[in-house]
Amino acid sequence: MSIIGLALVIQSCKPINSNTSYLHQKPPGGTPQLFAPSIVNTDAIEINSVFNSTFTELFFTRIIDGSFVIHHSEFMDGNWTAPQPIQMYADQNRESVAIDPSITQDGNTMYFLGINPEDRANSSKPDIYRSQKTEGKWQLASKVEYPISTEKYAESYPVVLADGSIYFTSDRPGSFGKRDIYRAQYLGDGKFDTPVNIGSEVNTEKNERSTYVAPDESYLITANTYTDQKGFAISFKENNKWETPTYFDLGEPLIKDWIYFCPYMSPDGKYFFFSKRYSNPPESGWKGATNGEVYWVDVSNVFNLRRK
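In what follows, the accompanying structure is described. (Residues numbered from 1 in each chain as written. Predicted model: local features only at pLDDT ≥ 70, side-chain atom pairs only at ≥ 80, totals over all residues. Heavy atoms only, no water.)

1. A closer look at the pairing of strand β2 (residues 46-51)
Our working rule: Think of it in three bands: residues with accessible area under 20% of the maximum for their type are buried, residues over 50% are exposed, and the middle band is partly exposed, with areas taken using a 1.4 Å probe on protein chains only. Numbering goes from the N terminus for both helices and strands, where a helix is a DSSP run of H or I of at least four residues and a strand is a run of E of at least two. Any two strands with at least two DSSP-identified bridges between them are counted as paired.
For β2, the tally of buried residues reaches six of six residues, placing the bulk of the element in the interior. Between the end of β2 and the start of strand β3 (residues 57-64), which pair antiparallel, lie five residues, with F55 showing a positive phi angle near 55 degrees.

Below is the structure:
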């Protein structure tokens, strides 16, 4: 079989609004750099920067007083607006979670990992939520109904495809391990078909975590659980089947006790975004998180993998 690299996949994609700058930031080279210091990255904990397909809106999550709050900035009249929080739940005064947004190709629907204030107070598991943009404003979100969200199991990290279908992770029955990646075909009118486990090539007995999937499903990038290294791994789709993900070098040494997560590719295929989190002590997870940052790096020097 011919040797194919992700760079070839990226180069085959048409640039989208290529003259639009990334919040007027200097593009990174082959070494990861903080994305938009003092705008996105601040003294607070920030997670997962993503753009809509036309580069007219940026989204990321910031932790404020214990709540995970999605913020956004819009490209208007040649400039980016200052990031502002988006109200996703009616009760703004109680702790809640809105994180890991993914935007449909038309820019009018957002899916995200959510825990509303009532569920947060009851220590309930996360579900998949959806918000619609109406007359230029993002509306209060609602839980995506069964068979996506469930009462007993966790659903997290939704990624929406070009046709409206979504990938997400869940610990529901039928998983190979603690938490697997599933795909749900979009049926229209806000409905989804029964989610399907994407297979043992990607899902293992380990806990599969945050995953990015290309809009055309040509490749996916997921947290690396396939070797002893941290960071990320990539899988290509061949004959409608995912290959076992392969670890790749981010372009810098990985830092001990930091968690690498939230992989994302910019819509023009030029830059890879990811997040890093440090907790003290390291095993304390989000409860002990003291630092959270968003990075970006030029893909031409990172994704130099080949497959046979």
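The discussion continues.
2. Section: the sheet that holds strand β1 (residues 33-34)
Read across the sheet, four strands follow the order β1-β25-β24-β23 without closing on themselves; strand pairing throughout is antiparallel. Edge strands, defined here as strands with exactly one partner in the open sheet, are β1 and β23 (258-265). Bridge count between β1 and strand β25 (residues 289-298): two bridges; the pairing is antiparallel. Along β25, the bridge assignment pairs L34 with Y295.

3. What to know about the layout of surface pockets
Our working definition: Here a cavity is any set of points on a 1 Å grid over the protein atoms alone where a 1.4 Å probe fits but cannot get out, and a pocket is any open set with protein on both sides within 12 Å along at least 5 of 7 lines; a residue lines the site when it has an atom within 4 Å of a point. Grid points are joined across faces, edges and corners, and a volume is the space filled by probe spheres set on the points. Throughout, the ten residues Ala, Val, Leu, Ile, Met, Phe, Trp, Tyr, Cys and Pro are labelled nonpolar, Asp, Glu, Lys and Arg are labelled charged, and all others, Gly among them, are labelled polar.
Each pocket or cavity is described by its volume, and for the largest pocket that value is around 810 Å³. Of all elements in the fold, only β7 (97-103), β8 (109-115), β12 (155-160) and β23 reach the threshold of two or more residues within the lining of the largest pocket. Residue composition of the lining of the largest pocket, grouped by class: 11 nonpolar, five polar and seven charged.

4. Here we look at the nonpolar core
The cut-off we apply is this: Put simply, buried Ala, Val, Leu, Ile, Met, Phe, Trp, Tyr and Cys residues joined by side-chain atoms within 4.5 Å make one nonpolar core.
Judged by nonpolar contacts, the single largest core of 45 residues is most densely connected at F35, F51, M88, M110, F112, F272 and F273. Core analysis: the second largest hydrophobic core is formed by 20 residues, I99, I115, Y157 and L220 among them.

5. Topic: the pattern of salt bridges
To keep things clear, this is the line we draw: For this analysis, a salt bridge means a side-chain nitrogen from Lys or Arg found within 4 Å of a carboxyl oxygen belonging to Asp or Glu.
This structure, assessed with the given rule, holds 15 salt bridges. Salt-bridge contacts for D91 lead to R94; the nearest nitrogen and oxygen are separated by 3.9 Å. We classify R94 as partly exposed; its relative accessible area is 39%. Across the salt bridge formed by K143 and D119, the nearest N and O atoms sit 3.4 Å from each other. Separated by 24 residues along the polypeptide, K143 in strand β11 (residues 142-143) and D119 in helix α2 (residues 117-121) bring together distant segments of the chain.

6. What to know about unusual backbone geometry
With an omega of 15 degrees, the peptide bond running from Y146 to P147 counts as cis. As for its position among the elements, P147 is in the loop between β11 and β12. Between N280 and P281 the backbone carries a cis peptide bond, its omega angle lying at 0 degrees. On the secondary structure map, P281 appears in the loop between β24 (271-279) and β25. Positive phi, close to 70 degrees, is recorded for D257, a residue that is not glycine. Among the structural elements, D257 can be located in the loop between β22 (246-248) and β23. Classification of D257 as partly exposed rests on a relative accessible area of 32%.

7. Some points on the sheet that holds strand β14 (residues 180-184)
If you walk across this open sheet you meet the four strands as β12-β13-β14-β17, and the pairing is antiparallel. At either end of the open sheet lies a strand with only one pairing partner, and these are β12 and β17 (196-197). Relative to β14, strand β13 (residues 166-170) runs antiparallel, the two sharing five bridges. Opposite T169, over in β14, you have I181 as the bridge partner.

8. Digging into the side chain of E217
To keep it simple, the criterion reads: Any N or O atom pair separated by 3.5 Å or less is treated as a polar contact, with the protein-specific requirement of one donor-capable and one acceptor-capable atom, and with residues adjacent in sequence counted only for side-chain atom pairs. Only heavy atoms enter the contact rule, under which two residues are in contact if any of them lie within 4.5 Å.
With respect to the helices, strands and loops of the structure, E217 is situated in the loop between β18 (211-213) and β19 (219-223). Among the polar contacts made by the side chain of E217, one reaches the side chain of Y167 at a distance of 2.5 Å. Not counting residues up to four positions away in its chain, the partners in contact with E217 are L161, Y167, R183, K237 and W242.

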